[in-house]
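Take a look at the letters that make up each chain.
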Amino acid sequence: MSAAELPRLRSRTGRWIVVATVLASAVASLDATVVNIALPRIGDALHTGVAGLQWTLSGYTLTLASFILLGGSLGDRLGRRKVLVWGTVGFAAASVLCGAAVNIEMLVAARIVQGVAGALLTPGSLALISSSIDERDQGAAIGLWSGFGGIASAAGPFLGGWLIEVASWRSIFLINVPLAAIVVAVALRHVPESRDPGAARRADVPGALVVALALGALTFGLIEKMPLLAVLGVVLLAVFVVIELRSDHPLVPPTLFRSRVFTAANLVTLAVYAALGGVFFLLVLQLQQVAHFSPLVAGVATLPMTVIMLVLSAPAGRWAQRHGPHLPMTVGPLLAAAGLVLLLRIGPGSGHLGGYLRDVLPGVIVFGLGLSTLVAPLTGAVLGAAASSEAGIASGVNNAVARTAQLLAVAALPGLAGISGSVTDAAAIDHGFGVAMWICAGLLLIGSAIAAALLGGPRARREPGSVDTLPQCGMSGPAVQPEVPGHAAGR
C-alpha cells in the first residue's frame, strides 16, 4: 500500500488498526504489571524462594531484551502484521503454560518462551501505526495507543490483585488468552500488511544469539552467585559489540552512538531503569510479606503514581520540547531518589490505612513526580538525537537498554541486599529492602549526574513536530514506556 493510500484514523480500517495495536500493547502491559503483584503467592504455591521469583521475572525479561530488536527487524522484513500475529499466538500459548505450571521450573521455562513471543509482539504494535496510518493522523493515533496503554497499565495492579484474591495467581496468565484471541482476529481481518522495502535482506541472527548468551550468562551468574559465569557474560557482551561494529546489517547501528545526546540518554536509561527494576520487584514483597497488604491492596497502593504520570508526563514532554531535556532529566531522578528514601518507612506497622497514609503514600507521590518529570523528556532526547529515518531503531535500542537494565537489577540486587532463601522470611526482606532502596537511590543519583554533565544545549531538544505521547505507566513514548513495573515499546 502506497503512502497516498494509507487510511485516515477516522476511517473504518484506521479505527481497527488502532484497536488491534492498543489491545496488543495491553496484553504485554497487563502481564508486566500483574506478575509482580502475584510473586508472593507464586512463591507460596510453588514452594520456591527468592531466587525462583527472580527467575520468574528474569526468564521473561532475558529473552525479551535479547530478541526485541530482532523481532522488530523480522517485522520489517517479513511483514509487521504477520510477526505481530505470530507473537500474539505464541504469547497466549506460553501464558497457558504459565497458568498450568506445576513447579517453578515449568513456570520459568514458560516465561522464557513468553519473552520470545513478546519480542515479536511488542515492536509490532507501534510499528503498525507508523506504517499503516496516514501521516497526518499518526500523532493522534500514537496518542490513542499510548493513552489507552496507560489505562491498561493503570488497571493492571488492581485487576491482578482482584484476580489473585477471587481466583488464584494462575488467572493472571490465563487472562491473556481472550485478549490475544481478539488481537489475532482483528489483525487478520482488518489490519493491512506492511513491510519496509529498504530493510536489510538478512537479519543479524549472530548478534541476537550472542547477546542472548551474554545476558543469559550474566543473569545466571548473578542469581546463582557464580562469578565466573557473570564474567563470561561480560566477555560475550564485548564480543557482541565487535559483531555489531563489523556487521553490514547490525541490530544496534554503531553510528547512533556518535550522538553525544543519544549516548547520554541511554546511559541515563541504564541507571534509571536498573533502579526501577529493583524497586518494583522488591516493593511488592515488602508490601505483602512485611506490611501484610493483600494482593489487591498492594496493587492499589501504587495507583497514585500511575495517575500522576498519566496527568503530568505530557506537560513534561511539551516543556522539554521547548526548553530541552537537561533540567527535567537532572531533576527527575533526584525527586525519584527522594521518593525511595521516603519509602524506607514501610515496615510491619504500615499495614493499615493510617500506616499507608504515613509510610507509603508520601513516597509513592514523590517517586511518581520524579518519574513524571523524567520519562517523557528522556523519550524526547532519544528520538530528537536520531535522524527521522532512524527513529524506529533508536527507540528499539533504548527499549532494549531499559529491559537489560531491569533484567540485571532483578538478578543482582537481592544478593547485594542480602535477600535470599525463603520468600516468607519477613525480617530478611525488611532489612534487605532498606539496603536495596539506598542502592536504587544511588543509581538514580548517577542517572541525574550523567544528565547534568552530558545533556543540554540545542542538540538535546526534540525536533519540531515530533510527537508527545503519554507513558504506559505504570512504568512515554515510543522510546521507553515504564509500566509500573515493566516496560513496553515499539521499534
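All residue numbers here refer to positions counted from 1 along the written sequence of the relevant chain. Local features in this predicted model are restricted to residues of pLDDT 70 or higher, and side-chain atom pairs are both shown and tallied only at a pLDDT of 80 or more, whereas totals for entire chains, interfaces and linings draw on every residue. Only heavy atoms go into the side-chain values, all of them from the structure, while hydrogens and water stay out.

A. Representation of the overall build of the chain. Secondary structure elements follow DSSP: runs of H or I no shorter than four residues count as helices, runs of E no shorter than two count as strands, and numbering proceeds from the N terminus. A count of helices and strands for the chain gives 16 helices and 2 strands. Buried means the residue's accessible area, taken with a 1.4 Å probe over protein chains only, is under 20% of the maximum for its type, while exposed means over 50%, and partly exposed covers the values in between. Expressed as a percentage of its 491 residues, the buried residues of the chain come to 60%. Computed by Shrake-Rupley with a 1.4 Å probe, the accessible areas treat only the displayed protein chains as cover when residues are assessed. About 17700 Å² of surface is accessible on the chain, with carbon and sulfur atoms providing 68% of the total.

B. Spotlight on the packing of aromatic side chains. Any two rings among Phe, Tyr and Trp, with Trp reduced to its six-membered ring, count as a pair given centres within 6.5 Å; such a pair is stacked if its planes are under 30 degrees apart, edge-to-face if over 60, and tilted if neither. Counted according to the given criterion, the structure contains 5 aromatic pairs. Aromatic side chains tyrosine 60 and phenylalanine 91 sit 6.3 Å apart centroid to centroid with 85 degrees between the ring planes, which places their arrangement in the edge-to-face category. Of this pair, tyrosine 60 sits in helix α2 (residues 50-78) while phenylalanine 91 sits in helix α3 (residues 80-99); the two residues are 31 residues apart in sequence, bridging distant segments of the chain. An angle of 70 degrees between the planes, with centres 5.1 Å apart, marks the rings of phenylalanine 257 and phenylalanine 262 as edge-to-face.

C. Up close: the packing of α2 against helix α4 (residues 104-132). Their axes nearest at 6 Å, the elements α2 and α4 cross at an angle of 25 degrees. Classified by the angle between their axes, α2 and α4 sit roughly parallel to one another. Of the two elements, α2 crosses α4, and the hand of that crossing is right-handed. Basically, the charged four are Asp, Glu, Lys and Arg, the nonpolar ten are Ala, Val, Leu, Ile, Met, Phe, Trp, Tyr, Cys and Pro, and anything else, Gly included, counts as polar. When its residues are assigned to classes, the contact of α2 with α4 shows 15 nonpolar, 10 polar and 1 charged. Only the contacting stretch of a helix is used when fitting its axis, a line to C-alpha atoms as for every element, and angles between N-to-C directions run 0 to 180 degrees. For classification, angles of less than 35 degrees are called roughly parallel, those exceeding 145 degrees roughly antiparallel, those between 65 and 115 degrees roughly perpendicular, and all remaining angles oblique. Take the far helix as your reference; a near helix turned counterclockwise from it by less than a right angle gives a left-handed crossing, and one turned clockwise gives a right-handed crossing.

D. Molecular detail of the nonpolar core. In this text, buried Ala, Val, Leu, Ile, Met, Phe, Trp, Tyr and Cys residues form a nonpolar core when linked through side-chain atoms within 4.5 Å. In terms of nonpolar packing, the biggest core is built from 135 residues, with Phe281, Leu340 and Phe367 touching the most fellow members. Per element, the largest residue contribution to this core is 19 residues, and it comes from helix α10 (residues 260-290).

E. A look at the environment of leucine 343. Relative to the assigned elements, leucine 343 resides in helix α13 (residues 326-343). Between the alpha carbons of leucine 343 and valine 360 there is a distance of 6.0 Å; along the sequence they are 17 residues apart. Contacts were defined at the residue level, with two residues in contact if any of their heavy atoms lie within 4.5 Å. In this structure leucine 343 touches Asp359, Val360, Gly363, Val364 and Phe433, once residues within four positions along its chain are discounted.

F. Representation of unusual backbone geometry within the structure. Here lysine 225, not a glycine, exhibits a phi torsion of approximately 60 degrees, which is positive. Look at histidine 292: it is not a glycine, yet its phi comes out positive at around 65 degrees. Summarising the element assignment, histidine 292 is placed in the loop between α10 and α11 (295-301). Assessed through its relative accessible area of 58%, histidine 292 is described here as exposed.

G. A look at the packing of α10 against helix α14 (residues 353-384). Contact geometry for α10 and α14: axes closest at 11 Å, N-to-C directions at 155 degrees. Classified by the interaxial angle, the pair formed by α10 and α14 is roughly antiparallel. The handedness of the crossing between α10 and α14 is left-handed. Contacts between α10 and α14 involve Val261, Phe262, Ala265, Val268, Thr269, Val272, Tyr273, Leu276, Val279, Phe280 and Leu287 from the former and Val360, Phe367, Leu371, Leu374, Val375, Leu378, Ala381 and Val382 from the latter. Of the residues belonging to the contact of α10 with α14, the class tally is 18 nonpolar, 1 polar and no charged.

H. Here's a closer look at the environment of valine 186. Structurally, the position occupied by valine 186 is in helix α7 (residues 176-190). Looking at valine 186, the relative accessible area reads 8%, which means it is buried. Along the chain, valine 186 and tryptophan 16 lie 170 residues apart, while their C-alpha atoms are 7.0 Å from each other. Filtering out sequence-adjacent residues up to four positions away, valine 186 remains in contact with Trp16, Ala20 and Val191.

I. Seen up close, α10. Helix span is expected to be 1.5 Å times the residue number reduced by one. Between the first and last C-alpha of α10 there are 44 Å, a value that for 31 residues agrees with the 45 Å anticipated at 1.5 Å per step. Burial runs high along α10: 27 of the 31 residues are buried. Among the residues trailing α10, histidine 292 stands out with phi positive, at a value near 65 degrees.

J. Structural view of the pattern of salt bridges. Salt bridges are defined by distance alone: a side-chain nitrogen of Lys or Arg within 4 Å of a carboxyl oxygen of Asp or Glu. Using the criterion set out here, one finds 3 salt bridges in the structure. With a closest N to O distance of 3.1 Å, aspartate 76 and arginine 80 form a salt bridge. Summarising the burial analysis for this pair, aspartate 76 and arginine 80 share the class buried. Its salt-bridge partner being arginine 345, residue aspartate 359 comes within 3.5 Å of it at the nearest N-O pair. Residue aspartate 359 is found in helix α14, and its partner arginine 345 is found in the loop between α13 and α14; the two are separated by 14 residues along the sequence. Relative accessible area serves as the criterion here: at 47%, arginine 345 is assigned to the partly exposed category. One network of salt bridges, with partners in common, ties together Arg345, Arg358 and Asp359.

K. Representation of the confidence of the model for the chain in the model. Scored by pLDDT, the chain has a mean of 84; 89% of the residues are at 70 or more. Residue-level confidence of the predictor, termed pLDDT, takes values from 0 up to 100. Model confidence for the chain, summarised as mean pLDDT per element, is weakest for strand β2 (residues 486-487) at 34 and strongest for α13 at 96. In this model, residues 458-491 is a region of pLDDT below 50 whose contacts with residues beyond four sequence positions or in other chains number 167 contacts.

L. View of the side chain of asparagine 36. Positionally, asparagine 36 belongs in helix α1 (residues 12-46). Here a polar contact is recorded for every N or O atom pair within 3.5 Å, except that within protein the pair must consist of a potential hydrogen donor and a potential acceptor, and residues adjacent in sequence are included only if both atoms are side-chain atoms. A polar contact of 2.8 Å, which involves the side chain of asparagine 36, links it to the backbone oxygen of phenylalanine 280.

M. Highlighting α3. Here α3 is 20 residues long and its end C-alpha atoms lie 28 Å apart, about the 28 Å a rise of 1.5 Å per residue gives. Within the sequence span of α3, burial applies to Arg80, Val83, Leu84, Val85, Gly87, Thr88, Phe91, Ala92, Ala94, Ser95, Cys98 and Gly99.

N. Here's a closer look at the side chain of aspartate 359. Residue class for aspartate 359 comes out buried when judged on its relative accessible area of 5%. Only 3.5 Å separates the side chain of aspartate 359 from the side chain of arginine 345, close enough to count as a polar contact. In contact with aspartate 359, not counting residues within four places along its chain, are Leu342, Leu343, Arg345, Ile346, Gly349 and Ser350.

O. Up close: the environment of leucine 163. Relative to the assigned elements, leucine 163 resides in helix α5 (residues 138-166). The spacing of leucine 163 and valine 34 is 129 residues in sequence and 9.4 Å in space, taken between C-alpha atoms. Aside from chain neighbours lying at most four places away, what touches leucine 163 is Ser168, Ser171, Ile172 and Ile175.

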